[in-house]
Amino acid sequence: MSKIKIGIMPRYEFQRRILDIAAGKINPKREESKIWFSSMKSLGEVLSDNNIRLLKLINEHPKKTLGELARLSGWHTSNFSRRLKTMEKYGFVELIKHAKKVQVITKVTEFDIQYAIR
């Protein structure tokens, strides 16, 4: 498992940063955040208490399939799957398809959230 750095930056600043990187004005450092959110609210929607509990459940049951984990969590499979797809988009989990079953692997177990008031 690994630790991931998450940055929070207003959308307009992030767009300007991307353009500066593309233009060669900024060279991102290796230790900088790889995942960015536009606000604490948007971060909180992805890393909600429920989603953190789901990540912990997945980490505690690494061999279970998506359906088995949904049953353990008490969530309906479709809701569970939707949450996992969002977390996969950010690199927090990996969904591996085996025939008709999906195995879920936790990719991140620690979060380093970086936020600066400017």
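Our subject in this report is the structure included herewith. Please read these numbers as outputs of a predicted model, since none were measured by experiment. (Residues numbered from 1 in each chain as written. Predicted model: local features only at pLDDT ≥ 70, side-chain atom pairs only at ≥ 80, totals over all residues. Heavy atoms only, no water.)

1. Notes on the overall build of the protein chain
The test is simple: Secondary structure elements are defined from DSSP: runs of H or I of at least 4 residues count as helices, runs of E of at least 2 residues count as strands, and each element is numbered from the N terminus. Accessible area is worked out with a 1.4 Å probe on protein chains only. A residue is then buried under 20% of its type maximum, exposed over 50%, and partly exposed in between. What makes two residues a contact is simply this: any of their non-hydrogen atoms within 4.5 Å. Using the Shrake-Rupley algorithm and a 1.4 Å probe, accessible areas are obtained, with residue cover drawn only from the displayed protein chains.
Along the protein chain, the regular secondary structure elements total five helices and five strands. If you list the helices and strands of the protein chain from N to C, you get β-α-β-α-α-α-α-β-β-β. Along the first, second and third principal axes, the C-alpha set of the protein chain runs to 50 × 25 × 20 Å. Buried residues in the protein chain amount to 31% of all 118 residues. The contacts of the protein chain with a sequence gap of at least 6 include a subset with a gap of at least 24, amounting to 62%. Here the protein chain has roughly 8,200 Å² of accessible surface; of this, 52% comes from carbon and sulfur atoms.

2. Observations regarding the pattern of salt bridges
Heads up, the rule is: Throughout this description, the term salt bridge denotes a Lys or Arg side-chain nitrogen within 4 Å of a carboxyl oxygen of Asp or Glu.
Counted according to the given criterion, the structure contains three salt bridges. For the salt bridge of K56 with E60, the shortest nitrogen-to-oxygen distance reads 3.8 Å. Here K56 pairs with E60, and both are found in helix α3 (residues 49-60), just four residues apart, close to one helical turn. Judged by its relative accessible area of 53%, K56 falls in the exposed class. Judged by its relative accessible area of 47%, E60 falls in the partly exposed class. The salt bridge involving K107 is made with E94; its shortest N-O contact spans 3.5 Å. Of the two residues, K107 is situated in the loop between β4 (101-106) and β5 (108-114) and E94 in strand β3 (residues 93-98); the sequence distance between them amounts to 13 residues.

3. Describing the sheet that holds strand β2 (residues 35-37)
Quick note on the threshold: Each pair of strands is called paired provided DSSP finds at least two bridges between the two strands. Here, axes are lines fitted to C-alpha atoms. For helices the fit covers the stretch in contact, and angles between N-to-C directions go from 0 to 180 degrees.
Pairing in this open sheet of three strands is parallel, and the strands run β2-β1-β5 from one edge to the other. One side of each edge strand has no neighbouring strand; the edge strands of this open sheet are β2 and β5. Neighbour to neighbour, the strand axes of the sheet diverge by 35 degrees on average, direction disregarded. Sheet topology places strand β1 (residues 2-8) next to β5; six bridges connect them, and they run parallel. Looking at β5, one finds that K3 is bridged to E110.

4. Quick notes on the side chain of N51
Along the polypeptide, N51 turns up in helix α3. Here N51 is in contact with E45, V46, R83 and M87, once residues within four sequence places are set aside.

5. Brief notes about unusual backbone geometry
One non-glycine residue, A99, adopts positive backbone phi at about 55 degrees. With respect to the helices and strands, A99 occurs in the loop between β3 and β4. A residue is classified by how much of its surface remains accessible, and A99, at 86% relative accessible area, is exposed.

Scope: geometric values only; no functional claims are made or implied.
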